[in-house]
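Here are the chains, one letter per residue:
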Amino acid sequence: MEGVTLNLLFFIAIVLLIDIYVFRGLHKLAVKWRFLGKKWFLITWIIVTISLLGGLLLAVYAKIDLGLRLVIVLAFFGLLLFKVCFALLLLVDDIRRLSIFIGRKLKKPAIQPAKTNPETDAIPRSEFLLKAGLLAGAVPLAAFKLNMKSGLYDYRVQRHNLYLPNLPKAFDGMKLGQVSDIHSGSFFDKKAVLGGVEMLLREKPDLIFFTGDLVNERTNEMRDYQDIFSKVKAPLGVFSSLGNHDYGDYVDWASPAAKQKNMDDLVQTHKNMGWDLLRNENRRLKIGNEEIGILGIENWGELSRFPKYGRMDLAVKNTDDLPVKLLLSHDPSHWRAQVLPHYPQIDMVFAGHTHGMQFGVRTEHFQWSPVEYLYNEWAGFYRHKKQQIYVNVGYGFLGFRGRVGILPEITIFTLKAGTDPLLTVS
């Protein structure tokens, strides 16, 4: 986590530099817009900046509601987006003025040009900069707002080759699907949810993994969606695991018995859908005379606000003879905290949990989200020597009805025997 903290501190330093640069630019415009030079404006600016930075730190490190965390993050980055756009405009103008200054120093004309009278300018520079800056900041904010809801059900299929050196020949070329973080309590469009399930089934995976968080808080959230997800079938089975939201830990239950009843109902829901729920246990997947191991643990999160129900000692029991072991573990922090140092026999971990914070940038060659200041592994493939993890950014959403840049994901892996030719081990 040390590297994550250093990255966050570096990010905050950059944000403060942008903040100072934008404020200085605004302050220069106070001749035309006098309120920009008032003391109350400076005080307000400082309070808002410190409050949002403090809110960002709370969102990353404190035990607060995920919905509130996402609202804070969106407010912070929404305002930052505006400032960055305004800063770029100011930078262009500063470069222009610097080039004019250097040009005059290098070649001073014999006759000085007449100075422009700001009173007769069609558009005074200060007014132009302010209006152009406001427009430059407002346009991406408007696009940001429009993109929030449009991304909720914009499912994207991510296809990857999964190289496993010890993979038996019978499994070479097999297709494995992964979905994660359904969060059925957040859905409001059954047709769109069904569309995503049909996208998954059109890929015709041989087996499917679901890596936790079927609900937000209560099992009855699945009442209107059990029939849809019961369609998720595969020839070799659907294997599932639990996420931190599945236990009902975030609900003030009337009694311990009520909480246990909710848990029993959730387990039964997995059975009703035909999913094989792995709770600190494993299955031997056999084709012909060859086998691999499918392991699943209950939620185990490194951060203190997430429960540690996972028991790896139970999950790996009687699997030493299996050439390949695939582990379903909801929280990706488990990989670095437990799997890497203590379980070198685990070839691949499938995780979810982060949602990519439902905000960021994700392309084929670049990805960024504020969640990277909290998790070392938060979206896509990560490798350490011979061990790998893939983090799915989620099928559903939680906290706020929006996804910006980080779209809901269906992952399809093609299993390959051998070593990734592009692999660079760390």
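Reading the values: the criteria
- Residues numbered from 1 in each chain as written.
- Predicted model: local features only at pLDDT ≥ 70, side-chain atom pairs only at ≥ 80, totals over all residues.
- Heavy atoms only, no water.
- Helix = DSSP H or I, 4+ residues; strand = E, 2+ residues; numbered from the N terminus.
- Buried < 20%, exposed > 50% of the residue type's maximum accessible area, 1.4 Å probe, protein only.
- Contact = heavy atoms within 4.5 Å.
- Areas by Shrake-Rupley, 256 points an atom, 1.4 Å probe, with all protein chains shown as cover.
- Pairing = 2+ DSSP bridges.
- Axes fitted to C-alpha atoms, helices over the stretch in contact; angles between N-to-C directions.
- Polar contact = N/O pair within 3.5 Å; in protein donor to acceptor, adjacent residues only side chain to side chain.
- Core = buried A, V, L, I, M, F, W, Y, C linked by side-chain atoms within 4.5 Å.
- Salt bridge = Lys/Arg side-chain N within 4 Å of Asp/Glu carboxyl O.
- Patch = residues over 30% accessible without salt bridge, like charges linked within 9 Å, V, L, I, M, F, W, Y side chains within 5 Å.

Undergrad: Even after reading the chapter, I still don't get the overall build of the chain, so can you show me in this structure?
TA: Looking only at helices and strands, the chain features nine helices and 14 strands. Here the chain, with 426 residues, has 50% of them falling under the buried criterion. For the chain, the proportion of contacts with a sequence separation of at least 24, taken over those separated by at least 6, is 77%. Within the structure as shown, the chain displays about 21200 Å² of accessible surface, and the carbon and sulfur contribution to it stands at 59%.

Undergrad: In this structure, what is going on with the sheet that holds strand β2 (residues 175-179)? I would like to understand it.
TA: The pairing of strands in a sheet comes from backbone hydrogen bonds and takes either a parallel or an antiparallel form. The strand order across the open sheet built from six strands is β1-β14-β2-β3-β4-β5, with neighbouring strands paired in mixed fashion. Of all strands in the sheet, those with a lone pairing partner are β1 (156-164) and β5 (276-277), marking the two edges. Both β1 and strand β14 (residues 409-417) contribute to a ladder of nine bridges, which runs parallel. Across the sheet, the residue bridging to Arg159 is Ile412, located in β14. Each of β1, β2, β3 (207-211) and β14 is contacted by helix α5 (residues 190-202), which is oriented at about 15° to β14, the strand it contacts most.

Undergrad: Looking at this structure, I do not really get the side chain of His330. What am I missing?
TA: With respect to the secondary-structure elements, His330 resides in the loop between β8 (325-328) and α9 (333-342). Of note is the side chain of His330, whose polar atom sits 3.3 Å from the side chain of Asp213. Side-chain polar atoms of His330 contact the side chain of Asn244, separated by 3.1 Å. Setting aside chain neighbours within four positions, we find His330 in contact with Ser180, Asp181, Thr211, Gly212, Asp213, Leu242, Gly243, Asn244, Asn299, Ala351, Gly352 and His353.

Undergrad: Please clarify how the pairing of strand β12 (residues 380-384) should be interpreted in this entry.
TA: The side chains of a regular strand alternate between both faces of the sheet. Where β12 lies against strand β13 (residues 387-391), five bridges are found, and the strand directions are antiparallel. If you follow Tyr382 over to β13, its bridge partner there is Ile389. With antiparallel pairing between neighbouring strands as the criterion, β12 and β13 make up a hairpin whose turn holds two residues, including Lys385 at a positive phi of roughly 55°.

Undergrad: Even after reading the chapter, I still don't get the sheet that holds strand β9 (residues 348-351), so can you show me in this structure?
TA: The sheet built from six strands is open, its strands ordered β6-β7-β8-β9-β13-β12 with mixed pairing. Looking along the sheet, the strands with just one partner apiece sit at the ends: β6 (281-287) and β12. On average, each strand axis in the sheet is tilted by 20° relative to the strand beside it, whichever way the strands run. Relative to β8, strand β7 (residues 290-296) runs parallel, the two being bridged by four bridges. Of the residues in β8, the one forming a bridge with Ile294 is Leu326. Its contacts with the sheet put α9 on β8, β9, β12 and β13, and the angle it makes with β13 is roughly 165°.

Undergrad: Looking at this structure, how should I read the nonpolar core?
TA: Nonpolar side chains tend to gather and get buried jointly when the protein is soluble and globular. Phe11, Phe76, Phe77, Leu327 and Ile346 are the most contacted members of the largest nonpolar core, which totals 46 residues. Of all elements in the fold, only α1 (2-28), α2 (39-61), α3 (66-106), α8 (312-315), α9, β9 and β13 reach the threshold of two or more residues within this core. In terms of residue count, α3 provides more of this core than any other element does, six residues in total. Non-local contacts of Ile346, meaning those with residues more than four positions away in its chain, are made with Leu295, Met312, Val316, Lys325, Leu327, Val339 and Gln387. Listed in part, the 34 residues of the second largest apolar core include Ile182, Val232, Leu266 and Met273.

Undergrad: Help me out: how do you make sense of unusual backbone geometry in this one?
TA: Of all residues except glycine, most have a negative phi; of all peptide bonds, most are trans. Positioned with a positive phi, Asn318 is a non-glycine residue whose angle comes to about 65°. The residue Asn318 is located in the loop between α8 and β8 in this model. Its identity as a non-glycine residue notwithstanding, Gln358 has a phi of 55°, on the positive side.

Undergrad: So what exactly am I meant to see when it comes to α9 here?
TA: Count 3.6 residues to each turn of an α-helix, and residues three or four apart come out pointing the same way. Along α9, the residues that are buried comprise Ser333, His334, Trp335, Gln338, Val339 and Leu340. The inward-facing, buried residues of α9 contact α8, β8, β9, β12 and β13.

Undergrad: Just to check I follow, could you spell out the pattern of salt bridges for this structure?
TA: When charged atoms on two side chains of opposite charge get close, those side chains can pair. Applying the stated rule across the entire model yields 16 salt bridges. A salt bridge links Glu203 to Arg159; its shortest N-O distance comes to 2.6 Å. Placement of the pair is Glu203 in the loop between α5 and β3 and Arg159 in strand β1, with a sequence separation of 44 residues. Residue Glu203 is classed as buried on the basis of its relative accessible area, which comes to 12%. Exposure remark for Arg159: the relative accessible area of 56% places this residue in the exposed category. The partner of Arg223 in a salt bridge is Asp224, with the nearest N and O atoms 4.0 Å apart.

Undergrad: Even after reading the chapter, I still don't get a nonpolar patch on the surface, so can you show me in this structure?
TA: The grouping of Val84, Leu88, Leu91 and Ile95 at the surface amounts to a nonpolar patch, some 340 Å² of accessible area in total. Residue position: Ile95 is located in helix α3.

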